[in-house]
Amino acid sequence: MRILYVALILTGIFPGSVFYASAQVTEKGIYFSSKQFVWLLCLVMVVGFLGSPTIVKAQVVIADDNASNYGTWTNGSNGGFGFQAWSLDSDASGDSGHFTGNPGSAGISGMSNPSFAMFAHPNSDGRFAQSDRLFRDPLPVGGVFTFQWGLNWDGGNGNAAKGFDLYVGGTSGTQVINVNMGNSATITINGDNMFTNYDTNAMNVTITRVNATQLRVQSTGRDGVQTYDNTFTLASSAIDAIRFYIARQNDNDGNRNIYFNNFRITVPTINDAPTGSQVRLDGTVNETLSGNLTLASLNITSSATFSQSSHTLTFQNNGTLTNNGTFNANSGTTAFAGTGTVSGTITFNNVNLSGAVNFGSSSTLNGVLQILPGGAVATNRPTYATNSTLHYNTGGTYNRSIEWPSINDNNDPFHVIINSNLNMMGHTTARNVRGNLTIETGRTLTMSTETGGDIRVKGNMTNNGSLTANNRAFFFDGTSPQTLTTTDVFYPFLFIDNDVSTASSFSVSQLSVSSGNEFNATGGTLAFTTSRIISGDGDVSLNNFTFNGDMTVNANTNANTATRTGTSTAILIIGTDATLDINQGIADSGEAFVKQGPGRLRINQSVTGNLLNIDNGIVELAGDFPTANAGIPIGIGSGFEIQTANNAVLELNHSGTYTGNITVRERDSSGFPASGSRTIRLSNTNESVVISGTIALLKTLIVTGDGQATFSGSVTGDHPFVKQGTGTL
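Residues numbered from 1 in each chain as written. Predicted model: local features only at pLDDT ≥ 70, side-chain atom pairs only at ≥ 80, totals over all residues. Heavy atoms only, no water.

### Quick notes on unusual backbone geometry
- With omega at 10°, the peptide bond leading from Asn113 into Pro114 counts as cis.
- Tracing the backbone shows Pro114 in the loop between strand S5 (96–101) and strand S6 (115–120).
- Of note, the bond from His121 into Pro122 is cis; its omega dihedral lies within 30 degrees of zero at -5°.
- You can see Pro122 is positioned in the loop between S6 and strand S7 (128–135).
- Even without being a glycine, Asn330 presents a positive backbone phi close to 50°. (Helix = DSSP H or I, 4+ residues; strand = E, 2+ residues; numbered from the N terminus.)

### A closer look at the pattern of salt bridges
- In this structure the tally under the stated criterion is 15 salt bridges.
- In this structure, Asp95 and Arg127 form a salt bridge, with 3.8 Å as the shortest nitrogen-oxygen distance. A residue pair is termed long-range when its members are at least 10 positions apart, and Asp95 in the loop between strand S4 (83–90) and S5 and Arg127 in the loop between S6 and S7 qualify at 32 residues.
- Residue classification places Asp95 among the partly exposed positions, given a relative accessible area of 27%.
- The partner of Asp454 in a salt bridge is Arg472, and the shortest N-O contact between them spans 3.7 Å. A residue pair is termed long-range when its members are at least 10 positions apart, and Asp454 in the loop between strand S39 (444–446) and strand S40 (455–457) and Arg472 in the loop between strand S42 (466–468) and strand S43 (473–476) qualify at 18 residues.
- Judged by its relative accessible area of 14%, Asp454 is buried. (Salt bridge = Lys/Arg side-chain N within 4 Å of Asp/Glu carboxyl O. Buried < 20%, exposed > 50% of the residue type's maximum accessible area, 1.4 Å probe, protein only.)

### Remarks on the nonpolar core
- Grouped together as the largest cluster of nonpolar side chains are 130 residues, with contacts concentrated most on Phe145, Trp149, Leu298, Phe474, Phe519 and Phe545.
- For this core, the element with the highest residue contribution is strand S17 (residues 258–267), accounting for five residues.
- Listed in part, the seven residues of the second largest apolar core include Ile695, Leu697, Leu701 and Val703. (Core = buried A, V, L, I, M, F, W, Y, C linked by side-chain atoms within 4.5 Å.)

### Points about the pairing of strand S24 (residues 333–336)
- The two faces of S24 match: Thr333 and Ala335 on one face and Thr334 and Phe336 on the other face are all buried.
- Pairing of strand S22 (residues 312–323) with S24 involves four bridges; the strand directions are parallel. Bridge pairing in S24 links Phe315 to Phe336.
- Relative to strand S27 (residues 350–353), S24 is paired through four bridges, and the arrangement is parallel. In the sheet register, Thr334 faces S27, and the bridge partner there is Val351. (Pairing = 2+ DSSP bridges.)

### As for the environment of Ser109
- The topology assignment puts Ser109 in the loop between S5 and S6.
- Residue class for Ser109 comes out partly exposed when judged on its relative accessible area of 32%.
- Dropping the residues within four chain positions of it, Ser109 is found in contact with Thr200, Asn201 and Ala202.
- Side chain to side chain, Ser109 and Asn201 meet in a polar contact 3.3 Å long. (Contact = heavy atoms within 4.5 Å. Polar contact = N/O pair within 3.5 Å; in protein donor to acceptor, adjacent residues only side chain to side chain.)

### Points about the sheet that holds strand S10 (residues 174–181)
- Across the sheet, seven strands lie side by side as S4-S7-S16-S9-S10-S11-S12; this open sheet has antiparallel pairing. Two strands close off the open sheet at either side, each with one partner strand: S4 and strand S12 (192–195). Looking at each pair of strands side by side, their axes are set apart by 20° on average, direction ignored. (Axes fitted to C-alpha atoms, helices over the stretch in contact; angles between N-to-C directions.)

### Digging into empty space enclosed by the protein
- With the rule as written, the count across this model stands at one cavity of 30 Å³ or more.
- One number sums up the size of the largest cavity: a volume of about 60 Å³.
- Lining the largest cavity we find Ile62, Ala63, Gly82, Arg136, Asp137, Pro138, Ile265, Pro274 and Ser277. (1 Å grid on protein atoms, 1.4 Å probe; cavity = no way out; pocket = protein on both sides within 12 Å on 5 of 7 lines; lining within 4 Å. Points joined across faces, edges and corners; volume = space filled by probe spheres on them.)

### Thoughts on the confidence of the model for the protein
- For the protein, mean pLDDT is 85; residues scoring 70 or higher make up 80% of the total.
- This model gives residues 1–55 a pLDDT under 50, and the stretch forms 31 contacts once residues within four places in sequence are excluded. (pLDDT = per-residue confidence, 0-100.)

### As for a nonpolar patch on the surface
- Together, Val715, Phe721 and Leu729 make up a nonpolar patch on the protein surface, roughly 220 Å² of accessible area in all.
- With respect to the secondary-structure elements, Leu729 resides in the segment after strand S71 (721–723).
- Here Leu729 falls in the partly exposed class, since its relative accessible area comes to 40%. (Patch = residues over 30% accessible without salt bridge, like charges linked within 9 Å, V, L, I, M, F, W, Y side chains within 5 Å. Areas by Shrake-Rupley, 256 points an atom, 1.4 Å probe, with all protein chains shown as cover.)

### What to know about the packing of aromatic side chains
- The final tally for this structure, using the stated rule, is 37 aromatic pairs.
- Here the aromatic rings of Phe99 and Phe119 are separated by 6.1 Å at their centres, their planes lie at 45°, and the arrangement is tilted. Linking Phe99 in strand S5 with Phe119 in strand S6, this pair joins segments that are 20 residues apart in sequence.
- According to the relative accessible area criterion, Phe99 is partly exposed, its value standing at 25%.
- For the ring pair Tyr392 and Trp404, a centre distance of 6.5 Å and an interplane angle of 35° mean the geometry is tilted. Residue Tyr392 is located in strand S33 (residues 389–392), and its partner Trp404 is located in the loop between strand S34 (397–399) and strand S35 (415–418); the two are separated by 12 residues in the primary sequence.
- With relative accessibility at 0%, the residue Trp404 sits in the buried group.
- Sitting over the face of the ring of Phe475, Arg456 holds its NZ or CZ atom 4.0 Å from the ring centroid. (Phe/Tyr/Trp six-rings, centres within 6.5 Å; stacked < 30°, edge-to-face > 60°. Lys NZ or Arg CZ within 6 Å of the ring centre and 35° of its normal.)

Structure below.
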């Protein structure tokens, strides 16, 4: 029996554990077939030395408080959570009052030190003390309210009373349960006997709201033997307040005091928690949302698990989310209706912010962080996981803050959506987008006014709104091909460090494409303004582009059409080893423009406007130019003027008839010396060029190359033309 007794004790301590040990009794003693019994004995010795281990029950707790939460317990004190503040009252005679103390000093066992306590003596009118505690919410159906209370001596006279009341509608509402001890061992409940024996054990009370009208009251007795269990049918079982009272005890002996402690309210599941509850998940509880829920706080303790499923968990203003266990966001959304604080390690799916929220040091975002009106990130931002999104969705103006950190912080948002008028503020280090950047219709992105306040995009950029660039740059430096879709806004600087394509029309000052990369404008028109520079060692393909003044092209560029806007003469500079290839022609709406620089300007169809002047380098006419009375490809009307600086070349590289008159002269009367010659080069042996108009030689004309040329009109002037190369003239 001794062995069996030990095994039973251990089974009670470790529920669900099974220990096997067999024994054989002989005349020489008892022999055990397993070493497990030795371990059992060791465990019993440890338990006996340390006391019984604390077992944390799996519970969904919505209110909890005990006396250890108070340094001083006074009227209005409010420790723990889930209850309203204490309301303490007494006759203020000095012979009644409230304190926290050791129940053991009154001979009561099984209660914590300290516990709440009251005294009221002697047996005279008006000697009383009471302690009222309202619940934050009425006890929900299925909810359980537990507490301890302890008594030793009775009141010692027929007028004495001590006990507790339960109320519906607050302490000024309806009293539905009264538990009382008077001048004997008997404790009554609503006038009927509950316990009849003296003793000093703490009484553990459990009150369960069974349904809308039934309240179950269970309790252990003071003698450790008696128990109580009864269900009361009431008009309403929605209790929401408790009152402890003591009155007219016979004397001031502390054994007559009343003690109470360890208040707790639990619900069957987290889905049963009333709106706005403060919830703590204790023990090995595993809770999953079955619908949307609004709480004041959620505390997930070390062994507990919480899963959102696909639902929204909303925290009220000043909400707190603490995780020391397991938090599974699943596909759910966490919303903060006001300010909030996050503690512990948490990986979120979607988060909505309507107040300033501190994410602590260990939060990760997998989904969308949506900043709504009033929302912000305070002190600590989450870590942005791959494919997460930072969504500015305030509608009005929003000033960027710590939610979008410097590129140096190594915590760049992945995708960014701007549905606000976002002011990037005065940052001096670049902001990075690891994925896509989107500006929604009707919204504005205002970039930093400080040097270095650029934006780097590694995914696609879609601008359906507007941009105030403040002379800052966009860098496209992803690892997969990128696209730029934008409204017609001005980009001061575009740095292309990857293959980027666009079909949009917009304005740009400087476009730079790095080596090995391509900028491909498959549609739309790029308007080069201000600096008007294309640079870099990469390739540029444009549908159409315009320039309203001097322009520099230092990167190989191919365009369908080019148009020089404005009314003053413009210079087109093409750098060393660069080619500007115009597939369908170049138009000049103002005065003549001047080609400069050693690079090549290749025009594949027509040129309209006043004059094309060549200072140096090569201008190549190489496309399907009109023939037969269609006019000369350079100039309007009949005048075709080869106006070049010394050593510049006009290259004809396509068969066709160039009609009209040609004048060969220096670019203007003051820009170049009279010496030098002008060159037409026939660069392809398979091409046959016919120039049918009159040729006026005001400068020497050199015809060179490998092709075939026919001058079918008259030649005038006092300068010769010279045939060079292997071609035929």
